[in-house]
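Each chain, letter by letter, is given below.
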Amino acid sequence: MRWATRAGIHVDRAACAWLIRRFVDPAAEFVFVTDPADVPADATPFDMRGVALGHVGGDCSFETILRVHGLDDPVLERIGEIVHEADLDDGRFDAPEAPGLDVLMRGLSMTGDDERTLAVSGPLLDGLYEFIRRRLLLGREPA
Amino acid sequence: MAAVGEWVLLAYRLPREPSGPRTTLWRRLRRLGVAQLGDGVVALPADARTRESLEWLADDVLAAGGTAGIWTARPGTAAQERELAAGMAAARAEEYRALTGECAAARTAPAAERARALRRLRAEWRAVGRRDFFPPPEREAAAAALRALAEAAGDPVAAGRGSRS
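Everything numeric here is computed off the predicted structure, so don't read it as measured data.

Analysis parameters
Residues numbered from 1 in each chain as written. Chains lettered and ligands numbered in written order. Predicted model: local features only at pLDDT ≥ 70, side-chain atom pairs only at ≥ 80, totals over all residues. Heavy atoms only, no water. UniProt positions renumbered as here; feature names shortened; annotations may be inferred. Helix = DSSP H or I, 4+ residues; strand = E, 2+ residues; numbered from the N terminus. Contact = heavy atoms within 4.5 Å. Buried area = accessible area lost by both parts, 1.4 Å probe. Salt bridge = Lys/Arg side-chain N within 4 Å of Asp/Glu carboxyl O. Polar contact = N/O pair within 3.5 Å; in protein donor to acceptor, adjacent residues only side chain to side chain. Axes fitted to C-alpha atoms, helices over the stretch in contact; angles between N-to-C directions. Parallel < 35°, antiparallel > 145°, perpendicular 65-115°, else oblique. Nonpolar A, V, L, I, M, F, W, Y, C, P; charged D, E, K, R; others polar. Buried < 20%, exposed > 50% of the residue type's maximum accessible area, 1.4 Å probe, protein only. Patch = residues over 30% accessible without salt bridge, like charges linked within 9 Å, V, L, I, M, F, W, Y side chains within 5 Å. Areas by Shrake-Rupley, 256 points an atom, 1.4 Å probe, with all protein chains shown as cover.

Here's the deal with the UniProt feature "domain: ChrB C-terminal" (unreviewed entry) in chain A
Following the UniProt record, the feature "domain: ChrB C-terminal" (unreviewed entry) maps to residues 3-131 of chain A here. For residues 3-131 of chain A, helix accounts for 53% and strand for 9%, while the C-alpha atoms at its two ends are 28 Å apart.

In structure tokens form, the structure reads like this:
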């Protein structure tokens, strides 16, 4: 399936793309557009104005995708809180990881194109997932 | 700087009732540190982030039954832009002064409370920094007050250093 989002991706869109590929559609192909009118007819848009998979009721797009696709996973829920704070920084969650994730993603977008940001952020988010999974299992910081 | 910069504007109208969405919008605009140009018109220096932030707020306004539009604009004169920037810097200066005062008050608090205050005030410093587009001198005073509080709290890391995000 094809998925479309705005070019110049930052933390929310990078995390959404990772989420889609890992948990929704392993064969996902991503298209980056500068104008919302350029979204291909066969692509599902996300993190864009006026689409279903966008910011809804104060949630960031990552949280919206979790809800819409019924991804009931406490690890993903926690990553959603981190992405929320990295993207919106409205103090809704206590997420000390968020400022670090935000600057890493912004730095990536300064040094490469969107394809590369996705390629590099994927393994980072895989690592974040594993770290949080172990932390939830152990109930403390994993070694 | 004689040339004026580009600004992104959100022009909106929101029904007076219910008041919930108005309050939420007001809080979010405040968090972004917008300049109020008029009734229902706010502005930020244009970049990808500020534009996106205002675009999402425009959607919130539409969802609440209002009307909203995003514009990019240039001030007609450099003087007008300076005035806008000065107003925004003054608003941040006020926040940095409050932060400085809170740091000073927390330095004499009991140890546990001091550590808690340090965490809270560091987060506050970052939040103010994110909406600080024209840093006033008060920023440095607040950074120094945070460092002093960090020392008093026995925190080895100097507060505020490089924490602008």
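Next comes the rest of the write-up.
Examining the interface of chain B and chain A
If you look at the interface, chain B gives 13 residues, while chain A gives 16 residues. Together, the buried faces of chain B and chain A total about 1300 Å²; carbon and sulfur atoms form 44% of this surface. For the pair chain B and chain A, the number of links is 4 salt bridges. When the shortest N-O distance is used, the salt bridge between Arg130(B) and Asp89(A) registers 2.3 Å. Counting the contacts that link chain B with chain A gives 7 residue pairs in polar contact (both at pLDDT 80 or more). Elements that contribute at least two residues to the side of chain B that touches chain A include exactly α1 (20-32), α2 (48-63) and α4 (111-130) of chain B. Element by element, the count of residues in the side of chain B that touches chain A is highest for α2(B), at 7 residues.

Side note on the packing of helix α2 (residues 61-68) of chain A against helix α3 (residues 74-87) of chain A
All names here are of chain A. It is at 8 Å that the axes of α2 and α3 come closest, and there the two elements cross at 155°. Between α2 and α3, the crossing angle belongs to the class labelled roughly antiparallel. Contact residues: Phe-62, Glu-63 and Leu-66 in α2; Leu-76, Glu-77, Ile-79, Gly-80, Val-83 and His-84 in α3. Here the contact of α2 with α3 is composed, by residue class, of 5 nonpolar, 2 polar and 2 charged.

Points about the pattern of salt bridges
Residues and elements named next belong to chain A. Scanning the entire structure with this criterion turns up 24 salt bridges over all chains. A salt bridge links Asp-59 to Arg-92, with the shortest nitrogen-to-oxygen separation between them at 2.8 Å. Taken as a pair, Asp-59 in the loop between β3 (43-45) and α2 and Arg-92 in the loop between α3 and α4 (98-111) lie far apart in primary sequence, 33 residues in all. The exposure class assigned to Asp-59 is buried, which follows from its relative accessible area of 17%. Classification of Arg-92 as partly exposed rests on a relative accessible area of 38%.

Quick look at a nonpolar patch on the surface
A surface patch of nonpolar side chains, about 310 Å² in accessible area, is lined by Val103(A), Leu104(A), Val120(A) and Leu124(A). Summarising the element assignment, Leu104(A) is placed in helix α4.

Here we look at unusual backbone geometry
In the segment running from Glu17(B) into Pro18(B), the intervening peptide bond is cis, with an omega of -5°. Tracing the backbone shows Pro18(B) in the loop between β1 (7-13) and α1. In the Ramachandran plot, Asp47(A) falls in the positive-phi region, its phi being about 50° despite a non-glycine side chain. For Asp47(A), a relative accessible area of 1% translates into the label buried. With a phi close to 45°, Asp89(A) is a non-glycine residue in the positive phi region. On the secondary structure map, Asp89(A) appears in the loop between α3 and α4.

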